[in-house]
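Chain residues, written in single-letter form:
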Amino acid sequence: MPFPTLDQLRKGGKRTLARMLTRLETGAGEQETAIFLDSVCSEPIAQVIGLTGPPGVGKSSLTDALITSYREEGLRVAVLAIDPSSILTGGALLGDRTRLKTDPEDDRVFVRSMAARDRLGGLSDHAVAAITLLRAVCDRVIVETVGIGQSEGDLKQAADTVVLCIQPGSGDSLQFMKAGIMELPDVVAVTKSDMGPLARRAASDVAGALSLSRHGGQDWQVPVQQVSAQTGEGIADLVAQMGRHRQHLASEERLYVCRRRQHQAWFQDMVRTEFGQFGLTLLTQAMGIELAKKAETAPFLSFWTLSSEVRDRLNFGNRPRG
């Protein structure tokens, strides 16, 4: 059965997207799937927003508030909630969909939970494929992670705008400063601003931590925004800050360059997952610059081609398992 066109997907509803994401998972590793993903990879329309931070910081409540704000603008919104994996089934453990108060009748809001699988707080290959599809169909894609270390780095490879959420009174700002995480966010949101002095102190601490870090984009000053999902305070300002970052990326082809680097990082991560770091080093040396350049525009087919060639040479298909 052929894949639908992007126009069909954009005109379709939640059921269409759900079926497509399931098909991408079940068809992972197939050449037809890789060709389809590369075709939608080249036509993104959404701003991909990555929400990260420690468990309990209020990411789901903030996601709810952002959905409401974007829907008031008439935008189509998708949420991809990356949950820890069950050690028994490998499925999503927390099920963020149950915590989001979305209208089931609203066909322009799509929410999907996905397991982190073996990536801890990071993004699995299925999640990357889902982001690729959703950003070509929706106006805004919110990727919410469990935020336990690896997720922040992985989000930078998939999101246009990374929002780091920090809770007042938790001491997170000092921990993040020590871990170097302050170099990753494009916007910082101090949640639960209704806590008053504690929230203002946290915002001040974070601003100080940011001043000591060397952010990747020297021409972008990371804003710190206090927000409260309960009262709605600061939500409009946070949306505006993320909009400013989107405009910043759109100027001087920053977004174009950023996404080409992301595609290359996806390719390298897929190779590393399949063949290990040593395998990535050997394959990169063997294939050279040509492969890296191709991966910038066709990461999925590049990986499928490379993986198929390696497996054929090693005769993986005929080797006994175990």
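Residues numbered from 1 in each chain as written. Predicted model: local features only at pLDDT ≥ 70, side-chain atom pairs only at ≥ 80, totals over all residues. Heavy atoms only, no water.

Taken in spatial order, the seven strands make up an open sheet running S3-S2-S4-S1-S5-S6-S7, and their pairing is parallel. Either end of the sheet is taken by a strand with one partner, and the two such strands are strand S3 (109-115) and strand S7 (224-226). Each strand of the sheet is rotated relative to its neighbour by a mean of 20 degrees, with strand direction disregarded. Inspection of the sheet shows strand S2 (residues 77-83) paired to S3 by seven bridges, in the parallel sense. Bridge pairing in S3 places Val 79 opposite Val 111. Those strands touched by helix H9 (residues 235-250) are strand S1 (47-52), strand S4 (140-144), strand S5 (161-166), strand S6 (187-190) and S7, and its axis lies near 170 degrees from that of S6. (Pairing = 2+ DSSP bridges. Helix = DSSP H or I, 4+ residues; strand = E, 2+ residues; numbered from the N terminus. Axes fitted to C-alpha atoms, helices over the stretch in contact; angles between N-to-C directions. Contact = heavy atoms within 4.5 Å.)

A few words on the packing of helix H4 (residues 59-72) against H9. A pair of packed helices is captured by two measures, namely the crossing angle of their axes and the spacing between those axes. Where H4 meets H9, the axes come as close as 10 Å, and the angle between the chain directions of the two elements is 75 degrees. On the basis of their axis angle, the class for H4 and H9 is roughly perpendicular. Every residue of H9 that contacts H4 at Leu 62, Ala 65, Leu 66, Ser 69 and Tyr 70 is listed here: Ile 235, Leu 238, Val 239 and Met 242. Each residue belonging to the contact of H4 with H9 can be placed in one class, and the counts come to eight nonpolar, one polar and no charged. (Parallel < 35°, antiparallel > 145°, perpendicular 65-115°, else oblique. Nonpolar A, V, L, I, M, F, W, Y, C, P; charged D, E, K, R; others polar.)

Under the counting rule described, the total for this entry stands at two aromatic pairs. On the basis of an interplanar angle of 10 degrees and a centroid distance of 4.4 Å, the ring pair of Phe 3 and Phe 36 is categorised as stacked. A residue pair is termed long-range when its members are at least 10 positions apart, and Phe 3 in the segment before helix H1 (6-11) and Phe 36 in helix H3 (residues 31-41) qualify at 33 residues. We note that Phe 3, like Phe 36, is buried. Note on Trp 266 and Phe 300: the rings are 6.1 Å apart at their centroids and 50 degrees apart in plane angle, and the pair reads as tilted. Note that Trp 266 is positioned in helix H10 (residues 254-295) and Phe 300 in helix H11 (residues 299-314), a separation of 34 residues in sequence. With a relative accessible area of 6%, Phe 300 lands in the buried category. The ring of Phe 3 has Arg 23 sitting right over it, with the charged end atom 3.9 Å from the ring centre. (Phe/Tyr/Trp six-rings, centres within 6.5 Å; stacked < 30°, edge-to-face > 60°. Buried < 20%, exposed > 50% of the residue type's maximum accessible area, 1.4 Å probe, protein only. Lys NZ or Arg CZ within 6 Å of the ring centre and 35° of its normal.)

Its 16 residues place the ends of H11 22 Å apart at the C-alpha level, agreeing with the 22 Å of an ideal helix rising 1.5 Å per residue. When H11 is considered as a whole, its buried residues turn out to be Pro 299, Phe 300, Ser 302, Phe 303, Leu 306, Ser 307 and Val 310. Relative to the axis of H11, the buried residues are bounded by an arc of 160 degrees and lie together on one face. (Expected span 1.5 Å × (residues − 1). Arc of directions from axis to C-beta.)

In this structure, Glu 252 takes a positive phi of about 60 degrees despite not being glycine. Looking at where Glu 252 falls in the secondary structure, it is placed in the loop between H9 and H10. Glu 252 gets classed as exposed once you look at its relative accessible area, which sits at 68%. Of note, the phi angle at Glu 253 is positive, near 60 degrees, even though the residue is not glycine. Here Glu 253 shows up in the loop between H9 and H10. In this structure Glu 253 comes out as exposed when scored by relative accessible area, which is 54%.

Our focus in this paragraph is the side chain of Asp 160. Considering the arrangement of structural elements, one finds Asp 160 in the loop between helix H6 (150-156) and S5. Look at Asp 160 and you get buried, because its relative accessible area is 5%. Within the local environment of Asp 160, its side chain forms a polar contact with the side chain of Arg 259, the two groups lying 2.6 Å apart. In this structure, Asp 160 is in contact with Ala 46, Gln 47, Val 48, Asp 186, His 245, Leu 249, Leu 255, Arg 259 and Gln 262, ignoring residues within four places of it in sequence. (Polar contact = N/O pair within 3.5 Å; in protein donor to acceptor, adjacent residues only side chain to side chain.)

For the rest of this paragraph, the subject is the pairing of S6. In S6, alternate side chains face the same way, and those of Val 187 and Ala 189 on one face and Val 188 and Val 190 on the other are all buried. Pairing of S5 with S6 involves four bridges; the strand directions are parallel. Pairing of Leu 164 across the sheet is with Val 188, part of S6. Relative to S7, S6 is paired through three bridges, and the arrangement is parallel.

This brings us to the pairing of S1. For S1, the tally of buried residues reaches six of six residues, placing the bulk of the element in the interior. By the alternation rule, side chains of S1 split into Gln 47, Ile 49 and Leu 51 and Val 48, Gly 50 and Thr 52, which are all buried. Bridge count between S1 and S4: five bridges; the pairing is parallel. Note that in S4 the partner of Val 48 across the bridge is Val 141.

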